[in-house]
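Residue-level structure breakdown
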Amino acid sequence: ENVLVSPDGYAKLIDFSLAITKTSKPRKIAGTPTYMAPEQIAKQKVTALTDIYALGVVLYEMLAGTPPFTGEMNEVLEKHLKQQALHVCKRNSGVDQTLGAFIMRLLAKDPGNRPQDAKELLTLLKRIKPSPVPEPDLPPLRSQSGTQPPRASASGVKPPGG
């Protein structure tokens, strides 16, 4: 919902209405429930670790074909707070185990168990070796202008249900 792919194939974050500063104090709950971190829902301090959780949700959804938690808004918020997501590898058996473990770490309820910054996140990500997977047989993508945007490589994962 908050990520669009441009015609040239780049992912773009489009929702900056929730941007905060390092000194932002907890306030009313604001955000898209599907992507909200437990600490954000609990009105605790929102930090870069909150964004790391949201990245985990986006990656999970990309590989599993569904977000980790679905339902009515209050159900989704409650699940983010109290329920462990089904391991992404159980939703899509084509996901590499190391990549799956990485994504599940991003979804840790306790921010202290997530990568603590972008540098650590990148270090962990670089340790994941892509496994050879054939390109999925998908229909051509069409943009609003009618041109075909470039496809992303399927290295390391099979499409959901594949």
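Residues numbered from 1 in each chain as written. Predicted model: local features only at pLDDT ≥ 70, side-chain atom pairs only at ≥ 80, totals over all residues. Heavy atoms only, no water.

1. As for the packing of helix H2 (residues 48-64) against helix H5 (residues 97-106)
Angle between the axes and distance between the axes are the two parameters that describe a pair of packed helices. For the pair H2 and H5, the least separation of the axes is 7 Å and the interaxial angle reads 140°. On the basis of their axis angle, the class for H2 and H5 is oblique. The crossing of H2 and H5 is left-handed. For the pair H2 and H5, the contacting residues are Ile52, Tyr53, Leu55, Gly56, Leu59, Tyr60 and Leu63 in the first and Leu99, Phe102, Ile103, Met104 and Leu106 in the second. In the contact of H2 with H5, the residues fall into 11 nonpolar, one polar and no charged. (Axes fitted to C-alpha atoms, helices over the stretch in contact; angles between N-to-C directions. Helix = DSSP H or I, 4+ residues; strand = E, 2+ residues; numbered from the N terminus. Parallel < 35°, antiparallel > 145°, perpendicular 65-115°, else oblique. Left-handed = near helix turned anticlockwise from the far one by under 90°. Contact = heavy atoms within 4.5 Å. Nonpolar A, V, L, I, M, F, W, Y, C, P; charged D, E, K, R; others polar.)

2. Describing H5
Among the residues making up H5, those that are buried are Leu99, Gly100, Phe102, Ile103, Met104 and Leu106. The elements touched by buried residues of H5 are H2, helix H4 (88-91) and helix H6 (118-126). Taking the backbone nitrogen of Thr98 as reference, a side-chain oxygen 2.9 Å away marks Asp96 as the first, capping residue of H5. (Buried < 20%, exposed > 50% of the residue type's maximum accessible area, 1.4 Å probe, protein only. Polar contact = N/O pair within 3.5 Å; in protein donor to acceptor, adjacent residues only side chain to side chain.)

3. Examining the side chain of Thr50
Structurally, Thr50 can be placed in helix H2. Residue class for Thr50 comes out buried when judged on its relative accessible area of 3%. Here Thr50 is in contact with Ala37, Glu39, Gln40, Lys45 and Arg114, once residues within four sequence places are set aside.

4. A look at the nonpolar core
Of all hydrophobic cores here, the largest spans 24 residues; its most connected members are Tyr60, Val88, Leu99, Phe102, Ile103 and Leu107. Those elements that place two or more of their residues in this core are H2, H4, H5 and H6. Counting residues per element, this core draws most heavily on H2, which supplies seven residues. Sequence-distant contacts of Leu107, defined by excluding residues within four places in its chain, comprise Tyr53, Gly56, Val57, Tyr60, Pro68 and Ala85. (Core = buried A, V, L, I, M, F, W, Y, C linked by side-chain atoms within 4.5 Å.)

5. Here we look at the environment of Cys89
Looking at the element boundaries, Cys89 is found in helix H4. For Cys89, a relative accessible area of 10% gives the class buried. Along the sequence, Cys89 and Gly100 sit 11 residues apart, while their C-alpha atoms lie 5.8 Å from each other. Setting aside residues up to four positions removed in sequence, Cys89 forms contacts with Val95, Asp96, Gln97 and Gly100.

6. Some points on the confidence of the model for the protein
With 67% of its residues at a pLDDT of 70 or more, the protein has an overall mean of 80. When pLDDT is averaged over each element of the protein, helix H3 (residues 73-82) comes out on top at 96 and strand S2 (residues 11-13) at the bottom at 65. Taken as a whole, residues 151-156 scores under 50 in pLDDT and shows 18 contacts with residues more than four places along the chain or in a different chain. (pLDDT = per-residue confidence, 0-100.)

7. Some points on unusual backbone geometry
The residue Lys43 is not glycine, and still its phi comes out positive at about 60°. Among the structural elements, Lys43 can be located in the loop between helix H1 (38-41) and H2.

8. Digging into the pattern of salt bridges
Counted according to the given criterion, the structure contains three salt bridges. Here Glu39 makes a salt bridge to Arg114, at a shortest N to O gap of 2.8 Å. Here Glu39, found in helix H1, pairs with Arg114, found in the loop between H5 and H6; they are 75 residues apart in sequence, far enough to count as distant. Each of the two residues, Glu39 as well as Arg114, counts as buried. One salt bridge in this structure joins Lys82 and Glu78, with 2.7 Å as the shortest N-O distance. Residue Lys82 and its partner Glu78 are both found in helix H3; the two are separated by four residues, about one turn of the helix. (Salt bridge = Lys/Arg side-chain N within 4 Å of Asp/Glu carboxyl O.)

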